[in-house]
Amino acid sequence: VESRTADGVVGNVAPLRVIGDPAEKWPLTPGGFEGVPVVLAFVEEAPIVRGPSVEALRAELRGLGAALVVVSSSDVWSFRPDNEFERRASAADISAGDLSELRRRYGAPFGALSVFVVDAERRLRFAQTAVAADVRGAAAMATVVEAISAAGRALVASSPRAVQVSRRELVVGALLTALAAALSEACHVGTRGWAPPTQPSAADVPSSLNEVDVTLQVNGAPHTLHLEPRVSLLDALRERMGLTGTKKGCDHGQCGACTVLVDGRRVNSCLVLAVMAQGGKITTIEGLADGDTLHPVQAAFVEEDALQCGYCTPGQIMSAVGLLGEGRAKTDDEVREHMSGNICRCGAYPNIVSAIQLARGRVRS
Amino acid sequence: VRPFAYLRPTDDRSALHAAAENGSEAIAGGTGMVDLLRLGVSTPARLVDLAALAWSRIERSADGGLRIGALVKNSDLAYHPDVQERFPALSQALLSGASPQLRNMASTGGNLLQRTRCSYFRDVAIRQCNKRLPGSGCAAIGGDTRMHAVLGGSDACIAVHPSDMCVALVALDAVVRARGPNGERDIPVEELHVLPGARPDVESVLRKGELVTHVILKPSPWAARSVYVKLRDRASFAFALASAAVALDVAGGTIRTARVALGGVATKPWRSHEAEHELVGQAANAATFRRAAAAAMENAQPRGDNAFKVELGRRVVVRSLERAAGAA
């Protein structure tokens, strides 16, 4: 059986396969879709479908006798063929736990567009996940709506007498082929194969793309780590290498608690991707002292009592070492200006300035 | 942070190819991009790290100008002796921005293309942001507008362009060199950024796949006496409430050439031709500077909390012109 559009053949719809166990019933949230095929889309953003496009979508769904359910991280939106589309907020009759359970059940990862077709008998007929920037946000919704529209066209163009399948099967077939076409067209990066979820928690872990081997030169020694490109240098130091002297304050480059030196220059390690820090010589607070002999800046911080709670101190010290290496800030005012990237909630600033001025004469640059 | 693939091309051709792919974003210093990744504002499928490319030098041109690689760090640019001597407003602007750590990381190209600090843009829990979700509305208009623009806004967006460096570059007639799938072209920095209009998501005239490779500065007597003044909430490490980059060429007490650009008050690095018009041919004195300042803010459209920026903008223009006249 072929499904056709005005443009020609879009795909073969027979034999219509059932994915997995035919006896398995797949859940739908919310209920109330008995007897109609349902397109189930997991998206990042709640759908932005308003005005005339809602009407057009309803008309398509009415023509197909199918429903659309869109699940975002916090909401479920259902588009029924015979009703207004409605939003079911997570706070109302569906809990956020139910949503993540549904996502887990289907094996739909976060950060992607996953589309499923469940037929009127609740059997799974189509499953595909697309990982691409193009299918996020409003574009994801547009992809799904376009696929439904294409399915409608395919159904209209097909000849009922030529097939020996029920109209429901024809609808499912048209949806299936249109979705496959729309997804492959939308996803220039490519779609991923889908396998039924085996580990209940696997789907909750965001998919990892291209884990890489990263070698970092930290405090004079090489460390090779296997990590994702999204891991920051700060997290690699703290969570993977156990170097917890470097602190996480704001994680946005605004507080300076994570300051380390890369090739002698002070940087915010929270804004450096570990994968980008390869090749540089990284110095953390753990690498400053010479055995039991404190670095002059460390010793000066102790002598001048340049801290209260101490959380910002490693960052302050690393920043001060960088400052002295730069050799630009001389006066107290200049030291204050050049330490502006390190915030101290306790207000130990006067003694920090004193410590830096004390250390100045002791540091060999 | 959403997962993404990471590429580190080592030649220009591969970099341009990778950057032109759908879902690609370029990363240089990372101070803007990594922040936006963590906020969930930027969700690329693929990051293209430009660090291995050769656009990392400051080269002198025969005419005494500079060709600055897009990967040159803000601190290296700010402390370059030629920049300090011939383009002081650029050095001052860079050193007034961010912190020493961030300046050690941030690149010239990244600074040019940095995103707004509008708190509604940066908060993905806010559903209305035409820049982030085109067509969704603007939460700033009718919201907290204290940090927002009084110049160049539209009914769709009033987000401020946050750069200090760009303001100086606009005043210094700098040119951006961009390379893309269809070759290389030069764009005056003044024309690089676009007004939000109905499409705040479109922020520059760069085409898909085009990368900034260099910034080009031409020397001039007035550029060597340029000045940058920045007013902000705290003494250091804060974005501008109002700032100005100005330069004057004064002969016999009369202004022959003037450049006035504003930061912190506009949706793009804002060159004020109106202010310059009031200056050229006039005596370099306080009365002239006040007229120029008034002209600069004449078309300001304050929205509630940001009304103070109109007067602050005037004052920063006057103060910077006074300094420039002193330097002239």
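Above this text sits the structure in question.
Residues numbered from 1 in each chain as written. Chains lettered and ligands numbered in written order. Predicted model: local features only at pLDDT ≥ 70, side-chain atom pairs only at ≥ 80, totals over all residues. Heavy atoms only, no water.

**As for helix α5 (residues 233–240) of chain A**
Note: α-helices contain 3.6 residues per turn, so residues at a spacing of three or four share the same orientation. All names here are of chain A. For α5, the set of buried residues is L233, L234, A236, L237 and R238. Buried positions along α5 lie against β10 (212–218), β11 (221–227), β12 (259–262) and β14 (281–283). The positive-phi residue at the C-terminal boundary of α5 is G242, with phi of around 75 degrees. (Buried < 20%, exposed > 50% of the residue type's maximum accessible area, 1.4 Å probe, protein only. Helix = DSSP H or I, 4+ residues; strand = E, 2+ residues; numbered from the N terminus. Contact = heavy atoms within 4.5 Å.)

**Re the interface of chain A and chain B**
Across the contact, 45 residues belong to chain A and 44 residues belong to chain B. Taken over both partners, the interface formed by chain A and chain B buries close to 3600 Å², and the fraction arising from carbon and sulfur atoms is 53%. Along the contact surface separating chain A from chain B lie 2 salt bridges. Of the charged contacts, one joins B:R38 and A:D251 as a salt bridge, the two residues approaching to 3.3 Å between their closest N and O atoms. Only β13 (265–268), α7 (313–326) and α8 (332–338) of chain A provide two or more residues apiece to the side of chain A that touches chain B. Residue composition of the side of chain A that touches chain B, by class: 16 nonpolar, 16 polar and 13 charged. (Buried area = accessible area lost by both parts, 1.4 Å probe. Salt bridge = Lys/Arg side-chain N within 4 Å of Asp/Glu carboxyl O. Nonpolar A, V, L, I, M, F, W, Y, C, P; charged D, E, K, R; others polar.)

**Details of the sheet that holds strand β10 (residues 240–251) of chain B**
Residues and elements named next belong to chain B. One open sheet holds the 4 strands; their spatial order is β9-β10-β11-β12, and the pairing between them is antiparallel. For this open sheet the edge positions go to β9 (227–232) and β12 (270–271), each flanked by a neighbour on one side alone. Of the strand pairs in this sheet, strand β11 (residues 254–263) and β12 are connected by 2 bridges, and their pairing is antiparallel. Bridge pairing in β12 places A261 opposite R271. (Pairing = 2+ DSSP bridges.)

**Some words on the sheet that holds strand β4 (residues 58–60) of chain B**
All names here are of chain B. Across the sheet, which stays open at both edges, the 5 strands sit in the order β4-β5-β8-β6-β7 with antiparallel pairing between neighbours. Two strands close off the open sheet at either side, each with one partner strand: β4 and β7 (183–188). Strand-to-strand twist in this sheet, taken as the mean axis angle between neighbours without regard to direction, amounts to 25 degrees. As paired elements, strand β6 (residues 175–180) and β7 share 6 bridges and run antiparallel to each other. By the bridge assignment for β7, V175 is matched with P188. (Axes fitted to C-alpha atoms, helices over the stretch in contact; angles between N-to-C directions.)

**Remarks on the pattern of salt bridges**
All names here are of chain B. Tallying each qualifying case throughout the model produces 38 salt bridges over all chains. The salt bridge involving E276 is made with R271; its shortest N-O contact spans 2.9 Å. Judged by relative accessible area, R271 falls into the buried class, the value being 16%. One network of salt bridges, in which partners are shared, links D173, E190, R259, R271 and E276.

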